[in-house]
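# Observations on chain architecture
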Amino acid sequence: MGFEKFGHVSFTSQTKTDAFVEYLVKDEIRATKCRKCGRVFFPPQADCSSCLESDMDWVKVEGNGKIISFTKVNYGPTGFESDVPYILALADFGEVKVFGRFSKEIPEEQIKVGMEVKIQAVSLPNGQVSYQFIRD
Amino acid sequence: MPKDVAIIGVGQSTFVRNYEGSIRELAFEAYSEAMKDAGITNSDVSASIICSAPEYDKQRSPAGLMAEYLGLNPQPTFALESVCSSSTSGLRVGYALIKSGLHDIVVVLGFQKMSEITSADSQERMGRGADIMWESPFGTMMPAYYAMHARAHFARYGTTEEDLALIRVKATKYGTLNERAVYRKQLTLEQCLNSEYIASPLKKFDCCANADGSSCMILASADRAKEISKKPVWILGLGSGTASLTMTGRDALDGLNCARVAAKEAYEMAGVGPQDIDVAEVHDCFTIAEMMAYENLGFAEPGKGAELIREGETYLEGKIPVNVDGGLLSKGHPIGATGGSQVRTIVLQLRGEAGDIQVPGAEIGLVHNIGGVGIYGNVAILGR
Ligand SMILES: [Zn+2]
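Presented here is an overview of the structure given in this document. (Residues numbered from 1 in each chain as written. Chains lettered and ligands numbered in written order. Predicted model: local features only at pLDDT ≥ 70, side-chain atom pairs only at ≥ 80, totals over all residues. Heavy atoms only, no water.)

Next up on the list: the coordination of the zinc ion. All names here are of chain A. The zinc ion binds to the protein through Cys34 (SG), Cys37 (SG), Cys48 (SG) and Cys51 (SG); the donor distances cover 2.2 to 2.4 Å. Taken together, the 4 donor atoms surrounding the zinc ion define angles of 98 to 123 degrees at the centre, an arrangement classified as tetrahedral. Sequence positions of the residues that donate to the zinc ion give the spacing C-x2-C-x10-C-x2-C. Given the relative accessible area of 2%, cysteine 48 is considered buried. (Donors = N, O, S within 2.8 Å, 3.2 Å for Na, K, Ca; no water. Tetrahedral: all angles 85-135°; square planar, octahedral: opposite > 155°, others 65-115°. Buried < 20%, exposed > 50% of the residue type's maximum accessible area, 1.4 Å probe, protein only.)

So, in C-alpha cells, the structure goes:
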C-alpha cells in the first residue's frame, strides 16, 4: 500500500514511512522512534536528524493532546473546493505535536486554544485515509 | 559599525495586478531605474543575482535570460530563492560576494509575475507551499497558517481582531500616497472588521494582494561606492534565520523564531538596538505578520505589539514608523521582488528622498523580510 492513500488529497506517493498508512488503516496513529537515541518523530521520519541513524521503531500517538491553535478555512486550494469549510489545528501530545483537522461534527464555537483532544483515524468518502481531532 | 558594502542604487517597477508584458520587460523596469540611480553602466557590474520563486516562472532558469536581456553578459549570474524573502537573501549573498573581494559591484534583481500562470495553477501551487507529505493533504494555505499564528497570539496575549484591523487601516493610509502600490484605497476600521473570513480569525482585509512587480538593488564595495556615489547607504547589519517548515516542528505559534534569530544577528553586527531604528519596513503579508514583527524585532515586548498600533506609534509621527510606504498590504506582494522593494523604501528614507512619507532625519533603517510562514527570516539594518 502506497502513501498516496493518505490525506484528503495526496501530493506524493513514495516514502520509506509508508507503513504509517498501514497503521492508519488499523485505526492506529503512529510516530517513529529512533532505536539509538530514543527521539520520537511526528510526522514520522525514516531518518534521525539527531544521531544520523536510520533505525526506527513505530510507536503509538495516544492519550490527550492540547490544542495550540486552530483556524476555520473558508477558501481551500485546488482539490479542496468542495471540502470547505474545515478546521485545521495543531495539538501538543507531549512528546510530539500533531497537525491535522478537526472532526466536522465539532463546530468552531466549541473549539478553544488549550482544550483537550484525542486523535482518531478516519476513512474518507473518496477512499482515502486520514486522522482527525475529536473531543476528549 | 561596519561600512564595507553600500547600496548605491535602487529601483522598483509599479506593482500591478496583471503586468502587460514579459518577465524580462518587467525586470528591466527596476533594473534601468536602479542603474540610472547609481549612475553606472552595464560594464561596471561584476555579477548579478536573480531572485524569484521559480514555481511562478514559465521560463526555466530565468537568470540566464535576465543577464542577456539586461546586458549583463559575460559576467556571472545565478538564481536565488527563499520564496517571499528571495531578494533579501540576494542582498546577503551579494554582500558576501563583495566582502570576500570576489566582486566589486553586484546587481540583486528580484521579480515575480504572479499572473504568469493561471489562477487555478496558482491555487494548486499554494496548496504545495506546506510540507506536501504531512500538511498539504489536509488542505493548507498561507492564510490558514498565519491565521493559526494569529489565534495563538490572541490566546496568549489577548490581542484582538480589531488590533489587526488597525494595522490594515494604517497600511491603507500610506497606500493612498504610494503611486507604485497596487491597493490605493483608504479603508476604515469598520470596513476591515466587516470583511469576510478567509481563515478565521483572518479576514479578507488582513491579507495582502498578489501583484506583479520587480525590484533592483546595486551593491558596491566601499572603495567603489565612495568613488561613484554621492549618497551611499551602508549595510550595517545582516541577520538570517530559519524555522521548521512544518508547524509540528515549532515551539510556539505566537511569533516567528526565524525573525528573532535574524534580528539578534543583525543588531549585533550593526552594534545597535531596536531603540536606534528610525524607520522600518516589515513583512506584512498578513496583518498578524506585522504585529509579530513588532515583537520579534524588539520594537515592543512580547505581547505588547498591540499597544504600539493602538497608540499610533508605528505611524509616520510615532516613535517607530513601520511600513509607511503602505507595506505589502498596500503595495502588493510579488514574491521575488518584495524584499528589494522594502530595501528601496529604506534607502530613499535614509537619503531623505522619500517625499510625502519621509521620516525627518532618518539615519538608521531596518528591513524585515520573511519567506514562507516563517521558514526563512532576513533582517537588514541600513545606515547613512
Ligand atoms: Zn537518533
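Structure's up, so let's keep going.
Residue and element names in this part refer to chain B. Applying the stated criterion across every chain, the model contains 3 cavities of 30 Å³ or more. Empty space within the largest cavity amounts to approximately 80 Å³. Forming the walls of the largest cavity are 14 residues, and the residues nearest its centre are Gly129, Ala130, Met142, Tyr145 and Val373. In the lining of the largest cavity, the residues fall into 9 nonpolar, 3 polar and 2 charged. Approximately 50 Å³ is the volume found for the second largest cavity. If you trace the second largest cavity, you find it lined by Thr88, Leu91, Arg92, Leu238, Gly239, Ser240, Val367, Asn378, Val379 and Ala380. Secondary-structure elements contributing two or more residues to the lining of the second largest cavity are α3 (86-99), β8 (233-242) and β11 (376-383). Per-class residue counts for the lining of the second largest cavity are 5 nonpolar, 4 polar and 1 charged. (1 Å grid on protein atoms, 1.4 Å probe; cavity = no way out; pocket = protein on both sides within 12 Å on 5 of 7 lines; lining within 4 Å. Points joined across faces, edges and corners; volume = space filled by probe spheres on them. Nonpolar A, V, L, I, M, F, W, Y, C, P; charged D, E, K, R; others polar. Helix = DSSP H or I, 4+ residues; strand = E, 2+ residues; numbered from the N terminus.)

All right, on to unusual backbone geometry then. Geometrically, the link from Phe42(A) to Pro43(A) is a cis peptide bond, its omega value of -5 degrees lying close to zero. Among the structural elements, Pro43(A) can be located in the loop between β2 (40-41) and β3 (56-60). The peptide bond linking Val84(A) to Pro85(A) adopts the cis configuration, its omega dihedral lying at -5 degrees. A positive phi is found at Val83(B), a non-glycine position, where the angle reads about 40 degrees. With respect to the helices, strands and loops of the structure, Val83(B) is situated in the loop between β3 (77-80) and α3. Take Val83(B): its relative accessible area is 17%, and that puts it in the buried class. Although it is not a glycine, Asn323(B) sits at a positive phi angle of roughly 55 degrees. Within the secondary structure layout, Asn323(B) lies in the loop between α11 (305-310) and α12 (327-331). Note on Asn323(B): relative accessible area 1%, which makes it buried.

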